[in-house]
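Inside the fold
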Amino acid sequence: MEHTFRAVTHSSGIIIWRIEKMELVQIPEKSYGNFYEGDCYILLSTQKVSSSLSYDIHHWIGSQSTQDEQGAAAIYTIQLDEFLGSTPVQHREVQNHESDAFRGYFKQGLICKKGGVASGMRHTETNSYDVKRLLQVKGKKRVMAHEVEMSWKSFNLGDVFLLDIGKTIVQWNGPKCNKQEKMKGMILAKDIRDRERGGRAEIRVIEGEAERNSPQNMEILNGVLGARSSDLKDGPPDETADQEQKSKLTLYHVTDADGQMKVAEVASRPLVQDLLNHEDCYFLDQGGMKMFVWKGKKANKAERQASMARALEFIKSKNYPITTNVETVNDGAESALFKQLFQRWTVKDQTQGLGKVHTRGKVAHVKQEKFDAALMHMMPEVAAQERMVDDGSGQVEVWRVENLELVPVDPECYGYFYGGDCYLILYTYLVNNKKYYLLYIWQGRNATPDEVAASAFQAVDLDQKYGDEPVQVRLTMGKEPRHFLAMFKGKMVIFEGGTSRKGSSDPEPPIRLFQVHGFDPSNTKAIELPALATSLNSNDVFLLKSQSGIHLWCGKGSSGDERAMAKEVSSVIGQNSRQLSEEIVAEGQEPIEFWELLGGKAPYASDKRLQQTVSDHQPRLFECSNQTGRFIVTEVTQFTQDDLDEDDVMLLDTWDQVILWIGKGTNEVERKESVVTSQEYLRTHPGARDPDTPIVLIKQGFEPPTFTGWFTAWDPSKWSGGKSYEELKKELGEEAAPVNVTTEQDCVESEKIFQFLPPDDLVNKLSSELPEGVDATQKEKYLSDSDFNDVFEITKDDFASMPQWKQLNMKKEKGMF
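Everything numeric here is computed off the predicted structure, so don't read it as measured data.

**Side note on the overall build of the chain**
Scanning the chain from N- to C-terminus turns up 22 helices and 36 strands. Taking all 817 residues of the chain together, 51% fall into the buried category. Considering only contacts in the chain between residues 6 or more positions apart, those separated by 24 or more positions represent 66%. Surface accessibility of the chain: about 38,000 Å² in total, with carbon and sulfur atoms responsible for 49%.

**A few points about the packing of aromatic side chains**
Under the defined criterion, the tally for this structure stands at 35 aromatic pairs. Grouped by ring-pair contacts, the aromatic residues Phe35, Tyr41, Trp60, Phe102, Tyr105 and Phe106 constitute a single cluster. Taking the ring centre of Trp152 as reference, the NZ or CZ of Arg228 above it sits at 4.6 Å.

**A look at the sheet that holds strand S12 (residues 202–207)**
Sheet strands associate in pairs through backbone hydrogen bonding, adopting either a parallel or an antiparallel arrangement. Read from one edge to the other, the open sheet built from seven strands follows the order S3-S7-S9-S8-S10-S11-S12, with strand pairing classed as mixed. Bordering the open sheet on either side are strand S3 (34–36) and S12, each of which pairs with just one other strand. Between one strand and the next, the sheet's axes are offset by a mean angle of 25°, whatever the strand orientation. Pairing of strand S8 (residues 133–138) with strand S9 (residues 144–148) involves five bridges; the strand directions are antiparallel. Residue Val137 lies in a different strand from S9, and its bridge partner there is Ala145. Strands S3, strand S7 (110–113), S8, S9, strand S10 (160–164), strand S11 (168–173) and S12 of the sheet are contacted by helix H3 (residues 179–196), whose axis makes an angle of about 20° with S10.

**Points about helix H10 (residues 449–465)**
Across its 17 residues, H10 extends 25 Å between first and last C-alpha, which sits within 8% of the 24 Å expected from 1.5 Å per residue. Residues of H10 that are buried: Glu451, Ala454, Ser455, Ala456, Gln458, Ala459, Val460, Leu462 and Asp463.

**Quick word on the sheet that holds strand S30 (residues 549–554)**
Spatial strand order, S22-S26-S28-S27-S29-S30-S31: seven strands in an open sheet with mixed pairing. Strands with a single pairing partner mark the edges of an open sheet, and in this sheet they are strand S22 (416–418) and strand S31 (581–586). Direction aside, neighbouring strands of the sheet carry axes that sit 25° apart on average. Of the strands in this sheet, S22, strand S26 (493–495), strand S27 (512–517), strand S28 (525–529), strand S29 (541–546), S30 and S31 touch helix H12 (residues 560–573), which is tilted by about 25° from S29.

**Brief notes about unusual backbone geometry**
Here the phi dihedral of Lys21 falls at roughly 50°; this positive angle occurs in a residue that is not glycine. When you line up the elements, Lys21 lands in the loop between strand S1 (13–20) and strand S2 (23–26). Judged by relative accessible area, Lys21 falls into the exposed class, the value being 77%. The phi torsion at Asn96 lies on the positive side, around 75°, for a residue other than glycine. Mapped onto the elements, Asn96 comes out in the loop between strand S6 (89–94) and helix H2 (100–104). According to the relative accessible area criterion, Asn96 is partly exposed, its value standing at 40%.

**Let's talk about the nonpolar core**
Counting 37 residues, the largest nonpolar core has Ile425, Trp442, Phe484 and Val493 as its most contacted members. When neighbours within four sequence positions are excluded, Val493 is seen to be in contact with Gly415, Tyr416, Phe417, Phe514, Ala526, Val569, Val572 and Ile573.

**With respect to the environment of Val569**
With respect to the secondary-structure elements, Val569 resides in helix H12. The spacing of Val569 and Val493 is 76 residues in sequence and 7.9 Å in space, taken between C-alpha atoms. Apart from the residues lying within four places of it in its own chain, the contact partners of Val569 are Gly490, Val493, Val516, Thr524, Ala526 and Leu543.

**Re the environment of Cys281**
Relative to the helices and strands, Cys281 is located in strand S15 (residues 281–286). The exposure class of Cys281 is buried, given its relative accessible area of 4%. In the structure, Cys281 is positioned 26 residues away from Ser307 in sequence and 7.7 Å away in space, judged by C-alpha atoms. Residues in contact with Cys281, not counting those within four places in the same chain, are Tyr252, His253, Val254, Trp294, Lys295, Gly296, Ala299 and Glu303.

**Considering the confidence of the model for the chain**
The pLDDT averaged across the chain works out to 76; a share of 77% of its residues lies at or above 70. Under a pLDDT of 50 for its full length, residues 608–615 has, in the predicted model, 22 contacts with residues more than four places off or in other chains. Predicted confidence is poor over residues 734–751, with pLDDT under 50, and the contacts of this stretch with residues over four places away or in other chains come to 23 contacts.

**Looking at the side chain of Gln515**
Among the structural elements, Gln515 can be located in strand S27. Within the structure, Gln515 has its side chain in polar contact with the side chain of Asp540 (distance 2.9 Å). Among residues more than four places away in sequence, those in contact with Gln515 are Lys525, Ala526, Ile527, Leu529, Asn537, Asp540, Val541 and Phe542.

**Remarks on the pattern of salt bridges**
Within this structure, the stated rule accounts for 18 salt bridges. Lys182 serves as the salt-bridge partner of Glu207, at 3.0 Å between the closest nitrogen and oxygen. Here Glu207 is found in strand S12, whereas its partner Lys182 is found in helix H3, with 25 residues between them in sequence. A residue is classified by how much of its surface remains accessible, and Glu207, at 5% relative accessible area, is buried. The residue Glu793 makes a salt bridge to Lys814 at a minimum N-O spacing of 3.5 Å. You can see Glu793 sitting in the loop between helix H20 (785–792) and helix H21 (796–800) and its partner Lys814 sitting in the segment after helix H22 (804–813), a full 21 residues away along the chain. Since its relative accessible area comes to 60%, Glu793 is described here as exposed. In this structure, a network of salt bridges that share partners links the residues Arg18, Glu20 and Asp39.

**Regarding the side chain of Gln171**
As for its position among the elements, Gln171 is in strand S11. Accessibility expressed as a relative area gives 0% for Gln171, which makes it buried.

**Let's talk about the pairing of strand S17 (residues 325–330)**
Successive residues of a regular strand alternate their side chains across the two faces of the sheet. Judged by how many residues are buried, S17 sits mostly within the fold: six of six residues are covered. Because side chains alternate across S17, one face comprises the buried residues Asn325, Glu327 and Val329, and the other comprises Val326, Thr328 and Asn330, equally buried. By the bridge criterion, three bridges tie S6 to S17 in an arrangement that is antiparallel. Counterpart to His91 in the pairing with S17 is Glu327. Note: strand S16 (residues 290–295) against S17, six bridges, orientation parallel. Looking at S17, one finds that Lys295 is bridged to Asn330.

**A short note on H3**
Taking 1.5 Å per residue as the helical rise, H3 with its 18 residues ought to reach 26 Å, and the 25 Å between its terminal C-alpha atoms agrees with that figure. One or two positions beyond H3, positive phi appears at Gly198, with a value near 60°.

**Brief notes about the pairing of S9**
In terms of residue burial, S9 counts as a mostly covered element, since five of its five residues are buried. Neither face of S9 is exposed, since Met144, His146 and Val148 on one face and Ala145 and Glu147 on the opposite face are all buried. As judged from the three bridges shared by S7 and S9, these two strands associate in the parallel manner. Counted as the bridge partner of Ile111 is Ala145 from S9.

**With respect to the environment of Ser570**
In this fold, Ser570 is placed in helix H12. The spacing of Ser570 and Leu543 is 27 residues in sequence and 6.9 Å in space, taken between C-alpha atoms. When near neighbours in sequence (up to four residues on either side) are disregarded, Ser570 contacts Leu543, Ile550, Leu552 and Glu582.

Analysis parameters
Residues numbered from 1 in each chain as written. Predicted model: local features only at pLDDT ≥ 70, side-chain atom pairs only at ≥ 80, totals over all residues. Heavy atoms only, no water. Helix = DSSP H or I, 4+ residues; strand = E, 2+ residues; numbered from the N terminus. Buried < 20%, exposed > 50% of the residue type's maximum accessible area, 1.4 Å probe, protein only. Contact = heavy atoms within 4.5 Å. Areas by Shrake-Rupley, 256 points an atom, 1.4 Å probe, with all protein chains shown as cover. Phe/Tyr/Trp six-rings, centres within 6.5 Å; stacked < 30°, edge-to-face > 60°. Lys NZ or Arg CZ within 6 Å of the ring centre and 35° of its normal. Pairing = 2+ DSSP bridges. Axes fitted to C-alpha atoms, helices over the stretch in contact; angles between N-to-C directions. Expected span 1.5 Å × (residues − 1). Core = buried A, V, L, I, M, F, W, Y, C linked by side-chain atoms within 4.5 Å. pLDDT = per-residue confidence, 0-100. Polar contact = N/O pair within 3.5 Å; in protein donor to acceptor, adjacent residues only side chain to side chain. Salt bridge = Lys/Arg side-chain N within 4 Å of Asp/Glu carboxyl O.

Right, here's the structure in full:
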């Protein structure tokens, strides 16, 4: 078993295997997110929770896979579970019915391809242009793409489609799909271009409602698919279970004492933890939408091992679809999702409320686990993201992308990363005298699109120079894996903006604030944050650098090891200004000067619950919708700030509070309904929640620390710098670049009286041909109600209620932009 699971390490991240001829074969990281429908896969997710590791095993069943392959996947899942000490949570995933958790691993999107290992389908290597496929893209938050028949018959009005012919990817947006779906389609297209084609493919975009504006792109589409012979239909609705359905819980006791499975109903919602007996196994049926299996610590081994098979028998006996999602959890290692189905869930040494600890017997002091690099030398190297191949003591070379070329970085500056730059880092290490390589691509948040594209392109070149041997790891600023930190031995500093180029004109800010994460040289980094009191957090150590010196601020939740590492980082940050004094400041004992440097005292994330090493309930983020008359809640797993979309109302559930985040692009109805939405969420929550749970409403751009404290590396300037779909499209060099229309009109503008003009003076006229004084960006305002109806074929009110991008497209189509 050690040989079969040799890739498993104690590092956070995911590993994916495919069943090939009944053997388990690890797939390369470059292919993550691509699944063949003729195959079965096993995915292991390892996450560090406080000072321990939590594992999730997902076995994915392709719709065209054989019974033998499905059986092998189930057996390997049981073996992997045993190999990891029977602590993992197991998930059964069926193609097209994957859980939110599974989709959450693939932020760029999940692609289901035709074929499988039996038909010789290999996982694509970078730079493969021998491709001809049509992908149908669905989903707003976590995207799913399916390979469909290469024909216009596969198209519909409500989805996004990608025609991928190797060196060109054409994105066709259905007239009825929304902005988020278009954006996600584009992100997936870019990911295929960068990851599978090494940046060497062009992306073209067609708006389905304005095809005639993209004649060249339509030519490509028609050249491959032939001319379209019939009108397109609406797409089928997305299958989603509403919250009301999910709140129907029934707990069953399962036994096979005499070889026959016997299932007895124990209780229905609300459920309490004491119903679960350590000697037994249980099924928890969530309205037929999802099935949980709970395996007691003292249940016999045969019963535990057969639990997944028994669950499938139960699903069959209930006439539930065979695609029903199944999750099996172990006594003492339950998933957050499972715990939330119970009214109250207490674990030894866990906090209840604010500060009271629920204990059974003596409380043991839990030390933060220190990383021992010596352990890694006894484990075989694993060429995948977030693996500790060694202790980071190999050879490091760093280049910066400058004028689209690579420029070596001075070794004295290794570990310094600027948000305005992109870097390539080549790491070389030896195993039995053979060289192995890791190539990290680090992209700054404020780097130009050209530099980001050049970093991917240059990585391919560098990869080829080393015989295609390096493992490429694409990093986003602030999301560096542990091995990357270990390479810089605790002296890694991320500057928010600026550049490390010689002759850079930007002066250094007089006051800078850095948050220091980590407790030993293998996992420490300092990240620059806005120099404001609101950036502080009680769990960490911060360095405040000014002309007068460096203040080392130690939050109450920080450990001695973290403070020691912060001192190391302080010496790096202050090395060019030797005369700077260093002062240690304990939280609560700050001198007046400290607050003055931060622009005055202000509230910051000091929530006691954030200081606890283990929390009863992990925060969960949801997208809520009741537009269809049914209340639908979709969980966004592995969430980051990027999942907060400006057109959405998002719900963050921290159990003791429900926080609603309202994006700037939401309409008046959604804003008004948001409180009702959160009350509905509490009412229908499977865990029979307290209806009086505090509800917090937060507007985009005004997030308090009690909200931002739940997100790692929160960027307050993100909203001003976030790119819209139209901006991303423009970067691709689209044929007809959209006209920029200012979305904010001041009050005077909105009250302006427009003189009505005949349509002939406005339609298809350039700004130079318009009558004097006419605003070319608001031509529609000069039409009378009846003329407006004639030109646009809808009323002014209907037009005003449309999203901005749809208005733009319609104006374009009618010759009014």
